[in-house]
Each structure stands twice: as structure tokens, then as C-alpha cells.
Amino acid sequence: MSASPRILLVKTALDGHWRGLSVVARALRDGGFHVIMGGMLTGPDIVRTALDEDVDLVGLNVGGSVQVVERVVTDLRAARPELPVFAGGAISPSNCRRLAALGVETYPPGSSLEDIVAAARRLTGQAAPG
Amino acid sequence: MSSSSAPPATPITRSGIPLKPAYGPEDVPAGHRAVMGTLPGQAPFHRGCFPQGYRTKPWRIFQLSGFGKPEDENERIKFLLKHGETGFLMEHDRNTADHLYNVDHAEVEARREDVGLTGAVMQSVRDTAICLDGIPIETTYGHAGGAVVQHGPFALAAYWTVAKRRGIDLAQLGGTGQSDFFLTYLGCVTKQQIPTRAGLRLNADIIEFCGRHLPKWVPVSIAGYNGGDSGLNAWQELGAVMANAIEYLDEVKRRGNLDLTAAAYRVGGVNFRTTMEIFEDAAKLRAARKMWHHLLTTRYGITDERALRMRIHIVTAGSMMTYQQPFNNIVRGTLMALSAVLGGTQSLGVSGYDEAISIPSEHAHQMSVRIQQILQHECNLQNVADPLGGSYYVEAMTAELERRGWEFAAEIAAEGGFLAALDSGWLHAKARDNQVADMQSEEDGHRLVVGVNEFRDDATPYVVDGFPGVNDAYEVARARLEAVKRERHEQGALHALKDLERACRGSDNVMPAMMAALDAEVTLGEIGDVYRSVFGDWRTPEVVGT
């Protein structure tokens, strides 16, 4: 493959707990991705950053309500319909279903890093290494 | 991720201390053996603060609680008190409180559905009054909130103003603040916070203010919990708590406004976490008390026994609670609570079984209280103090944690002290390394977590979907913000805000001006604007990545 796929990781809520995101970011970097840490961004800022950084995938760290996440996803779809989005964090089973309906895969606490990295490869069209 | 790590050759604790198959007298180092025979209530207090242990006073049942509108939080607090909670804790909305934003701030408006999710919105003393309505704060121990350093003075002043308006003598009021550096600068680094040096000044102001006016109040509470659940291991948590206490006490000493013994007593209400590592964590509490005694006697020459006794509040580790098979967490909560009780905690909060999904539902909250009541009433745990005392294993572990804890405190000192270790990101890097290693050992299957990486079949007939919260917190907060600004005496409010700004810019204690500002119905966001202009913004260490 050519250049490393680029992933933007952002927090949708004003919640600074960083442990989960930090571990996921490390695993993605180890998995060969170029990870851009966006921090706590509003919806419009997430869209702007995704476009400016020309990313291949957006990872949303959810520490708040599903409605905010849905709005971010809708904004991203409007700006770049083909850009894949996945999400992790404290997302209830019913909210996982709501996000699945928008085409967003979810990785709640207890998800394995291996699964998350595999999802990132699949969503960015990378073949898994032999 | 299957490539990376080999299983440890010998069994180790979660913090990496090697374990022997059995322990004998020779495993307890001589220095510790010399104090092994002391009784509970005797210095150096590793065996507990009081000779009679829980016979003197049962541990306080003290749960984190709050969401939605102030009246929603009020209702939940009353629910918990009715079911047997013996103190109460006010959570504030993270979006507004932690950042000192009003709800009309652009950052909050962009996330309006998040408002009230983790605590009630309290933008003026009116909101705090609603939250406390009908709660007898003159007789019930309350935690005013203000977990984040920059929010502490506001939360405390709001609580105390409500008390004063009820005619309560502040000198008689019991309760606690928090203003925790671990949460603010390590565990939950918000989008904006005042620099550590300004935070230290505010905390010293609170300590001195309480020394003068609220002798029964715990002004600030160092929360090793927030370091631990961010990644610091047991002995790092101990060392970092001591390093934090050194910053507070050195500052109070430097200022010279408050007797150091009185200050030490106030700073000695500390919060740790217990995890599923039952014996290591029980030993951690024993080591903490011994270290506190050592720190105060050797560094500060304090001799007053009341000050030398560290009082401990435990919250069971939220990070141990699994998203998968959440009812297993009732067992985890019980075991972590047992560890805290065996270690001699003074108060306890048990995380909800739905912790990995949301804030606690009413049922999860009730279960957390019930777990504690079962431990208090069905297990005969309260009648014998320090039941682990004399166990070669636990005494050896206590001594080892103490040794490693002081080593870590010395490393922090070599970094320039606790504040410097936060400013540089040194402490965050330590936490991050453990986060990664912890996750890796789970990923590689070296550590099994039931329901997560093993035993995954789930026959639970219920779906636990977490607590949905309320959906009108933002709108109501918005209307109340407009009302308070419309109805207050505007000149008085602006005048009080100016006085507060002057106090912040100068070196006077900010608390009298903060009390006046709250009484004049100055709002949270206005105070935040003053802080931002006076103190500026802390630069979040790179390693946090947010």
C-alpha cells in the first residue's frame, strides 16, 4: 500500500476522559495508521478538520448524548458522503442501534483493539496483513 | 495485537508487585515489623484511625449522584437518603461546571443534548437552592461538588450561601469540597482550565477560608482515585497523593496565614480507589495512613494526633465495571467495597452496575447502597478493626507499597514537584504507559475479565440500557439563566463581579469575594470569564491527545 491511511479521532462531548481514546489511538498507530487527534470539537469543527486533513476515516469518541453524535454524522455525510465513520465510548445498546441505522459501527467498552484495528482497515479499504 | 507480550513469569499484582505462593515473618521488612504490633488507633495508624474501628462510627454511605435539572438531582439525592445513604454528593453538569460556561456559551449550545447528562446545571445560587431544597444540610454531611479545581470556589460558595440563607451557622456546617488536581489536570482534562499554579492558589484560599470560618468542613479532597482510574497503579497513586499534599501544605506554610497543624488536618481527608485487586488495595489504604503520618511528622514536625490520622473516602473503580454482562458488576462492586472496608475506609461509594453504559439508573444506585448495607449489617465486618492486621502477606504488601510509593514521590520531586509533573505531562505519560499495558494484557488474554475476553455466553434475560436522563435540562437552564439576569439587582451583581476580579488579580483570599458574588446572583459563566482573563489557560500536555 502507499501512504498510511489517515484517521481523525475526536471527542464529541466536552468530556475530557482520555484513557479509552489514548489506548485506541496507540493501537491504530501500531496498526500502521496516521492518527490525527482532534480533541473536543463541535460538529462543524469536526467536519472542517476532516476536510482539511483529508482523512480516510473518522473515529468519534462518545462521552455524551447520541443526538449530538447523530448530528455530527449527518454533517459529515453532507460534506463527504463516502467518508466512513465509526464510534467508541460509553454508548448504550439502544444507541448503538441508532448509530448502526446511520451506517456507523460502534465499539463500546470491552471491544478488542484487534477488532477496532481490523474495522479501521476494512473501512479504509486496506487488506488485512497476511 | 496477539504478537506483543508474553505472560508474566511469576504472578504479579495489578501494579506489578510479584507474589509468592505463601508469606511468612521473614517477608515483612524489619522497619515495618517494628510497628506491626501497634493497635488500631495508634501511630503510625496503618491499622486504622480509631481503636474501636467501625464500632466508633460506621463508614459513611456516600454515592456520586446527579443529573438533569436541579430538581431532578434533588429528587435522586432524596431517593438515596431515603434508602439509607448517610451523606450525599452533588454532581454538577460537566459542560457548564467544569468549564465555567453558562449554557448559552457556544461550546455548550453546540452540544445542548449533553447538558445535564452527568450532573445538574447550576449556574447561580438559585439553582443550588433548588438542588438542596428540603435536604437538612445542617445535619447531613454533604459534598458540594466542585470536583474540578476551577469550579471549587463557585460550588462551595453556592452551597454555603444557601446554608447562610437558611440561617445555618457556617461554623457548625459539616461537609466537603473537592477541587481535585488529579481529575482536573490528569484524569479528565477539560477543554479549558486555569493553570496549575492558579489552581493551587485557589485551593490554598479555600483551605484558609475554611480554617477561619468552617472548622467542620473538609475544604479540598485529593482524589488519588482519579489518578488511579486514569492509569496510575497502586503505589504510583500513593506517591502522587503524597506529592500533591506536599504542594498544598508547602503553599499554606509559605503563605503563613493558617496554622500548619490545622491545615494538615483539613488536607487529610483523601480519596482513593479500590479495584478488583482486593488485598493490594486494602494494603494500599493501610500504607496511605502510615505514609501520611510519616509525611506530617518528618517534613512538617506535626505532633497533633488528630491531624496525623488520614481519613479516607473510597470510590470503587469505575474502570473495573464491564459493559458486557453488567449484572456481574454487582459482584465486582461488592468485592471492591469489601477491599475498602478491610482497608479501613471512612466512607464509601460503590460504582453502579451500569457504570460502563451511563450514569447510574435509580436501580443501580439503590443496588450500590444495598451492597454497602449488606456489608454493614449481615457480615459482622464492623466489630473488629483491621482484621487483616498481622497477616504476613498483607503486612508485607503494606510495606512494599509504602516503599514504592515513597520512591514514586521522590521521582515526582525530581521532576520539580507535583505541579511540574502535571505541567510537563510526565505524570500523564506514566498513566498512559499503564493504560496501554493494562489493555494489552487483556487483549493478549494474560488477564481474564469475565464476560469480556472469556466466559462470554450471556443468559441474562434483561437488557441493561443505562439511564436515559431527562430531555429538558438545557431549555430549563436557559430560561433560568435569563431569569436570574433579568431579576437580580444588576448594579450589585456587576459590583460583586468587579470585586471578585480584583481579588483574583491581587493576592487576597478570593473566597470572601466569591461568597459576595454568589449572594449577588453572579452566574457561573461570568465568573469563568473573569478567570479566563485573569489566569489564562493551562496548556494540555501533548500525551493526553485531546
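Just so you know, these numbers come straight off a predicted model, no measurement behind them.

The rules we used
Residues numbered from 1 in each chain as written. Chains lettered and ligands numbered in written order. Predicted model: local features only at pLDDT ≥ 70, side-chain atom pairs only at ≥ 80, totals over all residues. Heavy atoms only, no water. Helix = DSSP H or I, 4+ residues; strand = E, 2+ residues; numbered from the N terminus. Pairing = 2+ DSSP bridges. Axes fitted to C-alpha atoms, helices over the stretch in contact; angles between N-to-C directions. Contact = heavy atoms within 4.5 Å. Expected span 1.5 Å × (residues − 1). Buried < 20%, exposed > 50% of the residue type's maximum accessible area, 1.4 Å probe, protein only. Polar contact = N/O pair within 3.5 Å; in protein donor to acceptor, adjacent residues only side chain to side chain. Buried area = accessible area lost by both parts, 1.4 Å probe. Salt bridge = Lys/Arg side-chain N within 4 Å of Asp/Glu carboxyl O. Core = buried A, V, L, I, M, F, W, Y, C linked by side-chain atoms within 4.5 Å. Parallel < 35°, antiparallel > 145°, perpendicular 65-115°, else oblique. Nonpolar A, V, L, I, M, F, W, Y, C, P; charged D, E, K, R; others polar. Phe/Tyr/Trp six-rings, centres within 6.5 Å; stacked < 30°, edge-to-face > 60°. Arc of directions from axis to C-beta.

Let's talk about unusual backbone geometry
Residues and elements named next belong to chain B. In this structure, Pro44 follows Ala43 across a cis peptide bond, with omega equal to 5°. Looking at where Pro44 falls in the secondary structure, it is placed in the loop between helix H1 (30-33) and strand S1 (60-61). If you check the backbone angles, Asp386 has positive phi at about 45° while not being a glycine. Within the fold, Asp386 resides in the loop between helix H15 (362-377) and helix H16 (392-414). Positive phi is not limited to glycine here, since Phe455 has a value of about 55°. Looking at the secondary structure, you find Phe455 in the loop between helix H18 (426-443) and helix H19 (473-487).

Brief notes about the sheet that holds strand S4 (residues 85-89) of chain A
Strand pairing in a sheet relies on backbone hydrogen bonds. The paired strands run either parallel or antiparallel. All names here are of chain A. Taken together, the five strands give an open sheet; going across it, the order is S2-S1-S3-S4-S5, and neighbouring strands pair in parallel fashion. Two strands close off the open sheet at either side, each with one partner strand: strand S2 (34-40) and strand S5 (105-107). Geometrically, the sheet is characterised by an average inter-axis angle of 20° between neighbouring strands, direction not taken into account. Bridging between S4 and S5 involves three bridges; their strand directions are parallel. Its bridge partner being in S5, Ala87 is matched across the sheet by Thr106. Contacting strand S1 (6-11), S2 and strand S3 (57-62), helix H1 (residues 19-30) crosses the sheet at an angle of about 160° to S2. Helix H3 (residues 66-79) rests against S3 and S4 of the sheet, and its axis sits at about 170° to S3.

Some details on H18 of chain B
When the terminal C-alpha atoms of H18 of chain B are compared, their 26 Å separation across 18 residues agrees well with the 26 Å that a helix rising 1.5 Å per residue should span. Of all the residues in H18 of chain B, the buried ones are Trp426, Leu427, His428, Ala431, Arg432, Asn434, Gln435, Val436, Met439, Gln440, Ser441 and Glu443 of chain B. In this structure, the buried side of H18 of chain B is in contact with H1 and helix H5 (113-123) of chain A together with helix H7 (181-187), helix H10 (234-255), H16 and helix H17 (418-423) of chain B. Downstream of H18 of chain B by a residue or two, Gly445 of chain B has a phi angle that is positive, lying close to 80°.

A look at the side chain of Arg404 of chain B
Residues and elements named next belong to chain B. Within the secondary structure layout, Arg404 lies in helix H16. At 2.7 Å, the side chain of Arg404 and the side chain of Glu400 are in polar contact. Excluding residues within four positions of it along the chain, Arg404 makes contact with Ser15, Gly16, Ile17, Pro18 and Trp235.

Notes on the interface of chain B and chain A
Chain B puts 43 residues into the contact, and the matching count from chain A is 38 residues. For the pair chain B and chain A, the summed buried surface comes to about 3400 Å²; carbon and sulfur atoms form 57% of the total. Counting the contacts that link chain B with chain A gives three salt bridges. One salt bridge in this structure joins Glu113 of chain B and Arg71 of chain A, with 2.6 Å as the shortest N-O distance. Across the contact surface, chain B and chain A share 16 residue pairs in polar contact (both at pLDDT 80 or more). For the side of chain B that touches chain A, the secondary structure elements donating two or more residues are helix H3 (94-98), helix H4 (106-109), H7 and H18 of chain B. Ranked by residue count, the leading element in the side of chain B that touches chain A is H18 of chain B, at seven residues.

Some thoughts on the environment of Val484 of chain B
Residues and elements named next belong to chain B. For Val484, the location among the structural elements is in helix H19. Expressed as a C-alpha distance, the spacing of Val484 and Glu521, which sit 37 residues apart in the sequence, is 7.2 Å. In this structure Val484 touches Ser124, Arg126, Glu521 and Thr523, once residues within four positions along its chain are discounted.

Quick word on the nonpolar core
Counting residues in each nonpolar core, the largest one holds 159 residues, and the members touching the most others are Leu60 of chain A together with Tyr159, Trp160 and Phe418 of chain B. The greatest single-element share of this core, amounting to twelve residues, is contributed by H10 of chain B. Beyond its immediate stretch of four places on either side in the chain, Leu60 of chain A contacts Val10, Thr12, Ile46, Val69, Val72, Val73, Val85, Phe86, Ala87 and Gly88 of chain A. Core analysis: the next-biggest nonpolar cluster, separate from the first, contains 19 residues, Leu9, Val23, Leu28 and Ala119 of chain A among them.

Points about the pattern of salt bridges
Residue and element names in this part refer to chain B. This model, assessed by the stated rule, comprises 48 salt bridges over all chains. With a closest N to O distance of 3.2 Å, Asp433 and Arg432 form a salt bridge. Asp433 sits in the partly exposed class, given a relative accessible area of 42%. Three or more residues joined by partner-sharing salt bridges are found here, namely Arg201, Asp205, Glu208, Arg212, Glu251, Arg254 and Arg255.

With respect to the packing of helix H8 (residues 196-213) of chain B against helix H21 (residues 511-519) of chain B
Residues and elements named next belong to chain B. Following both chains from N to C, one finds H8 and H21 inclined at 85°, their axes separated by 9 Å at the closest point. In this view, H8 runs roughly perpendicular relative to H21, as classed from their interaxial angle. Side by side, H8 and H21 meet where Asp205, Ile206 and Phe209 of the first sit next to Met511, Pro512 and Met515 of the second. Looking at side-chain class alone, the contact of H8 with H21 contains five nonpolar, no polar and one charged residues.

Some thoughts on the packing of aromatic side chains
All names here are of chain B. Counted according to the given criterion, the structure contains 20 aromatic pairs over all chains. Ring geometry for Trp160 and Trp217: centres 5.6 Å apart, planes at 85°, overall edge-to-face. Residue Trp160 is found in helix H6 (residues 152-165), and its partner Trp217 is found in strand S6 (residues 217-218); the two are separated by 57 residues along the sequence. The residues Trp160 and Trp217 share a single accessibility class, namely buried.

Some details on the packing of H1 of chain A against H18 of chain B
Two elements in contact, H1 of chain A and H18 of chain B, have axes separated by 10 Å at closest approach and are oriented at 70°. In terms of orientation, H1 of chain A and H18 of chain B fall into the roughly perpendicular class. For the pair H1 of chain A and H18 of chain B, contact is made by Arg19, Ser22, Val23 and Arg26 of chain A and by Arg432, Gln435, Val436, Asp438 and Met439 of chain B, respectively. A breakdown of the residues in the contact of H1 of chain A with H18 of chain B according to their chemical character gives three nonpolar, two polar and four charged.

Examining helix H2 (residues 43-52) of chain A
Residue and element names in this part refer to chain A. Those residues of H2 lying buried are Gly43, Ile46, Val47 and Ala50. Relative to the axis of H2, the buried residues are bounded by an arc of 100° and lie together on one face. Here the buried face of H2 lies against S1, S3 and H3. Following H2 by one or two positions, Asp54 has its phi on the positive side, about 50°.

So, the environment of Phe181 of chain B
Residues and elements named next belong to chain B. Relative to the elements of secondary structure, Phe181 occurs in helix H7. A residue is classified by how much of its surface remains accessible, and Phe181, at 0% relative accessible area, is buried. With 168 residues separating them along the chain, Phe181 and Thr13 place their C-alpha atoms 27 Å apart.

Quick word on the sheet that holds S1 of chain B
Residue and element names in this part refer to chain B. Ordered in space as S1-S9-S8-S7, the four strands form an open sheet in which the pairing is parallel. Bordering the open sheet on either side are S1 and strand S7 (269-274), each of which pairs with just one other strand. As defined by bridge partners, S7 adjoins strand S8 (residues 311-316) across six bridges and the pair is classed as parallel. In the sheet register, Thr274 faces S8, and the bridge partner there is Thr316. Set on the sheet, helix H11 (residues 260-267) makes contact with S7 and S8; between it and S7 the angle comes to about 30°. Packed on one face of the sheet, helix H14 (residues 328-342) meets S7, S8 and strand S9 (347-349) and runs near 170° to S8.

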